[in-house]
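# Residue-level structure breakdown
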Amino acid sequence: MSTTPYSKVAALWHPFLVLGGFDRGLRHLIKRLPYLPPNDAPLKVLDIGCGSAVMSFALLKRFPQAEVLATDMDPIMVREAVKHRDKLGIKRTQCAFACSDANYPHMVQYGCTGAYQELPHEAFDLVVAGAVLEHVDLDRAIQSVFALLKPGGTFLIIAMREEAFLSKVYERVYHCIPRSIETHRESLMAAGFQSVLVERTRLSDFSANLTRVAIIARKAPHVASSEDLAYTVPIIA
Ligand SMILES: C[S@@+](CC[C@H](N)C(=O)[O-])C[C@H]1O[C@@H](n2cnc3c(N)ncnc32)[C@H](O)[C@@H]1O
């Protein structure tokens, strides 16, 4: 795995998110988001481009029974995220880490060294991406996430708002490409997602509201085959 423009600020990234109110705002947003699975569901979650894992930790607050695999391309970011997990007293079994390029989120490198392993298709109930699709080929990443989701699974994108002033600053500093909601929607629908919903951030989500918007895409649930139907529908003679 390779370093990113975030490597240089990795040690300061999490304190910056906490002091700037982003961590609190994001937790508030995640807590109130509609269209997500029930809070007590034992979800399998994948957080791609996790950074210091603020999204993973916020999701574990809402879904305490979840098991998260958090990945980032930058091994230095991953190392910092592991430190924050341990400080917060979150168990390894609840939140594990690996390195992965979000262009190919199905290929992960545990320990950030050695061979890549391929995550199985339809392994996750929820995949989340916070401000990382801005760094990758959108269509390719979304197609790969679609394959990783179970039928009925959810893709939660906490995207950078294309029109926000601070997004333009990030674009320059971190060489990322904030995209419109419509671009996300088109790419999600082309990949096969059944529905796409948008939840705008509010003042009460400060300071996450300055840069982010939530896009929630749902994969169609498993369609019963004729064999399943023969099994479940009582046959009246
Ligand atoms: C703006 S931070 C977002 C962190 C966190 N997800 C959030 O929502 O605040 C972007 C993260 O994406 C990572 N990143 C950049 N390019 C990537 C890529 N191609 N694949 C995976 N991660 C990448 C960076 O290392 C950084 O940690």
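Let us look at the structure shown here. Because the structure is predicted, anything quoted here is derived from the model rather than measured.

### Description of the packing of helix H5 (residues 138–148) against helix H7 (residues 181–191)
As a packed pair, H5 and H7 sit with axes 9 Å apart at the nearest point and diverge in direction by 45 degrees. Between H5 and H7, the interaxial angle falls into the category oblique. You can see that H5 and H7 cross each other, and the crossing is right-handed. Touching Leu138, Asp139, Ile142, Gln143 and Phe146 of H5 are Thr183, His184, Ser187, Leu188 and Ala191, all from H7.

### Describing H7
Those residues of H7 that sit buried are Ile181, His184, Ser187, Leu188 and Ala191. Around the axis of H7, the buried residues are gathered within 135 degrees of arc, so they sit on the same side. The outward face of H7, more than 90 degrees from its buried face, is lined by the exposed residues Glu186 and Ala190. The elements touched by buried residues of H7 are H5, strand S7 (149–160), strand S8 (195–200) and strand S9 (212–218). Remark: Gly192 follows H7 within two positions and exhibits a positive phi of approximately 115 degrees.

### Structural notes on the pattern of salt bridges
Where charged atoms from two side chains of opposite charge come close, those side chains can pair. Counted according to the given criterion, the structure contains 10 salt bridges. Linking Lys83 and Glu80 is a salt bridge whose minimum nitrogen-to-oxygen distance equals 3.2 Å. Linking Lys83 with Glu80, this pair stays in helix H4 (residues 75–87), spanning three residues, or about one helical turn. Its relative accessible area of 8% is what places Glu80 among the buried residues. Between Asp86 and Arg85 there is a salt bridge, with the nearest N and O atoms lying 3.0 Å from each other. A relative accessible area of 44% places Asp86 in the partly exposed class. Three or more residues joined by partner-sharing salt bridges are found here, namely Arg32, Glu199, Arg202 and Asp205.

### Observations concerning the pairing of strand S4 (residues 107–110)
Of the pairings in the sheet, the one linking strand S3 (residues 95–99) to S4 comprises two bridges and is antiparallel in character. Following the sheet pairing, Cys99 is matched in S4 by Gln109. Looking at chain direction, S4 and strand S5 (residues 117–118) are connected through two bridges and run antiparallel. Across the sheet, the residue bridging to Val108 is Gln117, located in S5.

### So, unusual backbone geometry
The omega torsion of the bond from Phe206 to Ser207 falls at 5 degrees, within 30 degrees of zero and hence cis. With respect to the element layout, Ser207 can be found in the loop between S8 and S9. If you check the backbone angles, Cys112 has positive phi at about 60 degrees while not being a glycine. Residue classification places Cys112 among the buried residues on the basis of a relative accessible area of 15%. Positive phi, close to 55 degrees, is recorded for Glu122, a residue that is not glycine. Overall, Glu122 belongs to the partly exposed group, its relative accessible area being 43%.

### Considering the nonpolar core
If you look at the biggest cluster of nonpolar residues, it comprises 41 residues, and the most contacted ones within it are Leu33, Cys95, Phe97, Leu126, Leu156 and Ile158. Here the element with the most residues in this core is helix H3 (residues 54–62); it accounts for six residues. Once you skip the residues sitting within four places of it in the chain, Leu126 turns out to touch Leu43, Lys44, Val45, Leu46, Leu59, Phe63, Leu149, Thr154 and Leu156. With 32 residues, the next largest nonpolar core counts Ala129, Phe146, Leu149 and Val196 among its residues.

### A few points about the packing of helix H2 (residues 22–32) against H3
Orientation of H2 relative to H3, taken along the N-to-C sense of each, is 45 degrees, at an axis distance of 9 Å. Between H2 and H3, the angle falls in the class oblique. Crossing handedness for the pair H2 and H3: right-handed. Residues Phe22, Asp23, Leu26, Arg27, Ile30, Lys31 and Arg32 of H2 touch H3, and the partners they reach there are Val54, Met55, Ala58, Leu59, Lys61 and Arg62. In terms of residue class, the contact of H2 with H3 is built from seven nonpolar, no polar and six charged.

### Regarding the packing of aromatic side chains
Applying the stated rule across the entire model yields seven aromatic pairs. Ring plane angle 90 degrees and centroid distance 5.3 Å describe the contact between Tyr6 and Trp13, whose orientation is recorded as edge-to-face. For Tyr6, a relative accessible area of 13% corresponds to the buried category. Classification of Trp13 by relative accessible area gives buried; the value is 12%. A centroid spacing of 6.0 Å and a plane angle of 90 degrees characterise the contact between Trp13 and Tyr174, whose relative ring orientation is edge-to-face. Of this pair, Trp13 sits in helix H1 (residues 10–19) while Tyr174 sits in helix H6 (residues 165–174), and the two are 161 residues apart along the sequence. On the accessibility criterion, Tyr174 (12% relative accessible area) is buried.

Reading guide: rules and limits
Residues numbered from 1 in each chain as written. Predicted model: local features only at pLDDT ≥ 70, side-chain atom pairs only at ≥ 80, totals over all residues. Heavy atoms only, no water. Axes fitted to C-alpha atoms, helices over the stretch in contact; angles between N-to-C directions. Helix = DSSP H or I, 4+ residues; strand = E, 2+ residues; numbered from the N terminus. Parallel < 35°, antiparallel > 145°, perpendicular 65-115°, else oblique. Left-handed = near helix turned anticlockwise from the far one by under 90°. Contact = heavy atoms within 4.5 Å. Buried < 20%, exposed > 50% of the residue type's maximum accessible area, 1.4 Å probe, protein only. Arc of directions from axis to C-beta. Salt bridge = Lys/Arg side-chain N within 4 Å of Asp/Glu carboxyl O. Pairing = 2+ DSSP bridges. Core = buried A, V, L, I, M, F, W, Y, C linked by side-chain atoms within 4.5 Å. Nonpolar A, V, L, I, M, F, W, Y, C, P; charged D, E, K, R; others polar. Phe/Tyr/Trp six-rings, centres within 6.5 Å; stacked < 30°, edge-to-face > 60°.

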